Amino acid sequence: MNVIEAHGLRKAFGKTIALDRVDLRIEEGRILGLIGPNGAGKSTALNAILGLTSYEGELKVLGRDPWNERNELMRDVCFIADVAVLPRWLRVSQALDYVAGVHPRFDRAKAESLLARTSIKHTSKIRELSKGMVTQLHLALVMAIDAKLLVLDEPTLGLDLLYRKQFYDSLLNEYFDRERTIVVTTHQVEEVQHVLTDVMFINQGRIVLNCSMDQFETRYQEVMVHPERIAAARALKPIHERQLFGRSILIFDGVDRQQLAALGEVRTPSIADLFVAVMGQAGAAGQKGAAL
Amino acid sequence: MSTPSGAIPETLSAAQADAPSAMPATRPLYWSMRREVWENRSIYIAPLAVAILGLCGFLVSLIWPVKHETGLMGIDPAYHTVALAMPYSHAAMLLLLTGLIVGIFYCLDALHGERRDRSILFWKSLPVSDLTTVLAKAAIPLLVLPLLLFAFTVVMQLIMLLLSIAALLISGGSAATLWRQLPLFQLQFVLLYTLAVSTLWYAPIYAWLLLVSGWARRAILVWAVLPPLAIAAVEWIAFHTSHFGSLLLNRLFGFAPDAYLLTMPDGSVVDPHFIPVSQLAPGRFLASPGLWIGLALAVAFLAAAVRLRRYREPI
């Protein structure tokens, strides 16, 4: 079943087009990373999926129209939108009471056991917690909700490395099963690479790359090329080339691995490096278009 | 809290689909109202503080009585009841005024604060509809606050009565006159009536303030007050009439002529310190078009606030 399905999804703010006829399909049991520069349309896409903003085109989330059926949808969808949105006056115990009071799928015992592993006290107010602890609390609340789709918008922004690592570890080990679906946007791309099953690059309201991590690994290769073989390597049309410690690192799209192995050491590029490569291509194409 | 969501096998999607219906629709409303009281503790702290201060003042007046309160001797017997009721109705008026101020400031912040501190994104991540949220917020000035005020006033008046009796007994007097002539239960019944009547009459004001607090990005009080004043001013300048202005004034002070019979059977004017139950006119109040026009406006403002909250983002 497709958890999210969009056809010609479009959203414009005045003359700025945030989403430009996006087609999208996300299946059940995936962890999708939505990667893009600031202002690329990531948040707009997530807001549309969560029914927080209206849109043009067709969009179904868990078979529902998020804008018109938002109340029903929110029983099955959970999100952490940005960090630090828990109200500062709320007590930890009140947060538990409230979510237990309004959410039919909240498992209080699970939230309590997740919190027991942290140093968060029930009597504390949110304003007394550190940023990392607030995120721990929010994650504990969200993980105790038996939702079908979890949306995370920059969930680890401003957290230190330890909390960020912990965040994704507990998400993977204690929350994710093959029936749930997670969509995450982040700028800390390196940290989510091993977490994702799918990756999507979005730029200027359009999807510029959309593939599973399995496809990603077979399709894209990064080669550290010996200087004497650089001409041969360039003949294979790399999509990106950069210099590191005097060596050239080339990224190839869909070139045979055996062929590349002759040129130097082959490995899978990081999402971050591929992102730079793909954005560079998109930028060059855009400039060419403008020049013509 | 007892929702057995953990007990439902995850593979049984039919059982999962049934789970939400296990929760009555009023539960989110109830918890949303509790949430409002957690956030806005002034709802009960302000009336409580005023009640305690009022009691302190009353205690002082018992210990060092001013001349006109030394007894009923110099007072026309016809006014004994009014004179006895006076401190008690002053206490009630004090709390009513406090409640009005708390209600106004609560409404001004209710739909603005959650956008200011971005917590609206958290509230919207839970299955609580905009309608439930706005209704919970409207229920604070329209339901919770009046009931709290009534309870506080009743307790405060009982403590005042006990203090008076104690003072009389200590000074060697008799509490019999006070006990016989103070119409305490009548006062409290009239208070309940006044709370109901004024809350219904002021409902459009509260709803308007909620709407503005959901709409304005800043300076909510200015947006709430200036447009109605501007309309009145423009009307005055353009047509030299003041229909809109008198409508506003009527909304602020106009419920009394409909809700009470202001003339006693003997032709005298009712003393606001003691309105006998016989002077209440619920039928006339319920039949007054002003009430129903106001309630219709309140519903319209609240509906607009619900609609608006769908589109609202943090500011």
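Figured I'd write up the structure that's included with this text. (Residues numbered from 1 in each chain as written. Chains lettered and ligands numbered in written order. Predicted model: local features only at pLDDT ≥ 70, side-chain atom pairs only at ≥ 80, totals over all residues. Heavy atoms only, no water.)

## Digging into the overall build of chain A
(1) Moving on: What chain A contains, in helices and strands, is eleven helices and 13 strands.
(2) Moving on: Along the three orthogonal principal directions, the C-alpha set of chain A runs to about 65 × 40 × 35 Å.
(3) Moving on: In chain A, which comprises 292 residues, the proportion classed as buried is 55%.
(4) Moving on: For chain A, the share of sequence-separated contacts (at least 6 apart) that also reach a separation of at least 24 residues comes to 68%.
(5) Moving on: Accessible surface, chain A as shown: approximately 12900 Å² in total, 49% of it carbon and sulfur.
(6) Moving on: The averaged location of the 36 negative side-chain charges in chain A is 4 Å from the averaged location of its 36 positive side-chain charges. (Helix = DSSP H or I, 4+ residues; strand = E, 2+ residues; numbered from the N terminus. Buried < 20%, exposed > 50% of the residue type's maximum accessible area, 1.4 Å probe, protein only. Contact = heavy atoms within 4.5 Å. Areas by Shrake-Rupley, 256 points an atom, 1.4 Å probe, with all protein chains shown as cover. Lys, Arg positive; Asp, Glu negative; His and termini not counted. Charge placed at Lys NZ, Arg CZ, Asp CG, Glu CD.)

## Brief notes about helix α4 (residues 80-110) of chain B
(1) Moving on: Between its first and last C-alpha atoms α4(B) spans 45 Å; for 31 residues at 1.5 Å apiece the expected length is 45 Å, and the two agree.
(2) Moving on: Helix geometry: α4(B) is bent most strongly at B:Met86, by close to 45°, with proline B:Pro87 lying one to four residues after it. (Expected span 1.5 Å × (residues − 1). Bend = angle between axes of the 7 residues up to and from the residue.)

## Observations regarding the interface of chain A and chain B
(1) Moving on: Between chain A and chain B, the contact holds 38 residues from the first and 32 residues from the second.
(2) Moving on: Interface area, chain A with chain B, both sides summed: about 3400 Å², of which 61% is carbon and sulfur.
(3) Moving on: In this structure, the connection of chain A to chain B is made through zero salt bridges.
(4) Moving on: Linking chain A with chain B are five residue pairs in polar contact (both at pLDDT 80 or more), by the criterion used here.
(5) Moving on: Looking at the side of chain A that touches chain B, the elements with two or more residues in it are α2 (70-73), β5 (77-81), α3 (92-102) and α5 (131-143) of chain A.
(6) Moving on: Counting residues per element, the side of chain A that touches chain B draws most heavily on α3(A), which supplies seven residues. (Buried area = accessible area lost by both parts, 1.4 Å probe. Salt bridge = Lys/Arg side-chain N within 4 Å of Asp/Glu carboxyl O. Polar contact = N/O pair within 3.5 Å; in protein donor to acceptor, adjacent residues only side chain to side chain.)

## Points about the environment of A:Asp65
Residues and elements named next belong to chain A.
(1) Moving on: Mapped onto the elements, Asp65 comes out in the loop between β4 (56-61) and α2.
(2) Moving on: The spatial distance from the C-alpha of Asp65 to the C-alpha of Ala48 is 9.8 Å, given a sequence separation of 17 residues.
(3) Moving on: Excluding residues that lie within four positions of it along the chain, Asp65 makes contacts with Tyr55, Leu59, Lys60 and Arg70.
(4) Moving on: At 2.9 Å, the side chain of Asp65 forms a polar contact with the side chain of Asn68.

## Quick word on the packing of α3(A) against helix α2 (residues 26-39) of chain B
(1) Moving on: In the contact formed by α3(A) and α2(B), the axes pass within 8 Å of each other and the chain directions differ by 160°. Here α3(A) is positioned roughly antiparallel relative to α2(B), judged by the angle of their axes. For the pair α3(A) and α2(B), the crossing hand works out as left-handed. Residues A:Gln94, A:Asp97, A:Tyr98, A:Ala100, A:Gly101 and A:Val102 of α3(A) lie in contact with α2(B), whose contacting residues are B:Arg27, B:Pro28, B:Trp31, B:Ser32, B:Arg35 and B:Trp38.
(2) Moving on: Taken together, the residues that form the contact of α3(A) with α2(B) break down as six nonpolar, three polar and three charged. (Axes fitted to C-alpha atoms, helices over the stretch in contact; angles between N-to-C directions. Parallel < 35°, antiparallel > 145°, perpendicular 65-115°, else oblique. Left-handed = near helix turned anticlockwise from the far one by under 90°. Nonpolar A, V, L, I, M, F, W, Y, C, P; charged D, E, K, R; others polar.)

## Quick look at the side chain of A:Thr185
Residues and elements named next belong to chain A.
(1) Moving on: Tracing the chain through its elements places Thr185 in strand β7 (residues 181-185).
(2) Moving on: Look at Thr185 and you get buried, because its relative accessible area is 0%.
(3) Moving on: Only 2.8 Å separates the side chain of Thr185 from the side chain of Asp153, close enough to count as a polar contact.
(4) Moving on: If we ignore the near neighbours within four places in the chain, the residues touching Thr185 are Leu34, Lys42, Leu46, Leu152, Asp153, Glu154 and Pro155.

## Overview of the pattern of salt bridges
All names here are of chain A.
(1) Moving on: Counted by the stated rule, this structure contains 25 salt bridges over all chains.
(2) Moving on: Note that Asp20 is salt-bridged to Arg206, the shortest N-O span being 2.9 Å. Here Asp20 is found in strand β2 (residues 16-27), whereas its partner Arg206 is found in strand β9 (residues 206-212), with 186 residues between them in sequence.
(3) Moving on: Asp20 sits in the buried class, given a relative accessible area of 14%.
(4) Moving on: In this structure, a network of salt bridges that share partners links the residues Glu222, Arg242, Arg267 and Asp273.

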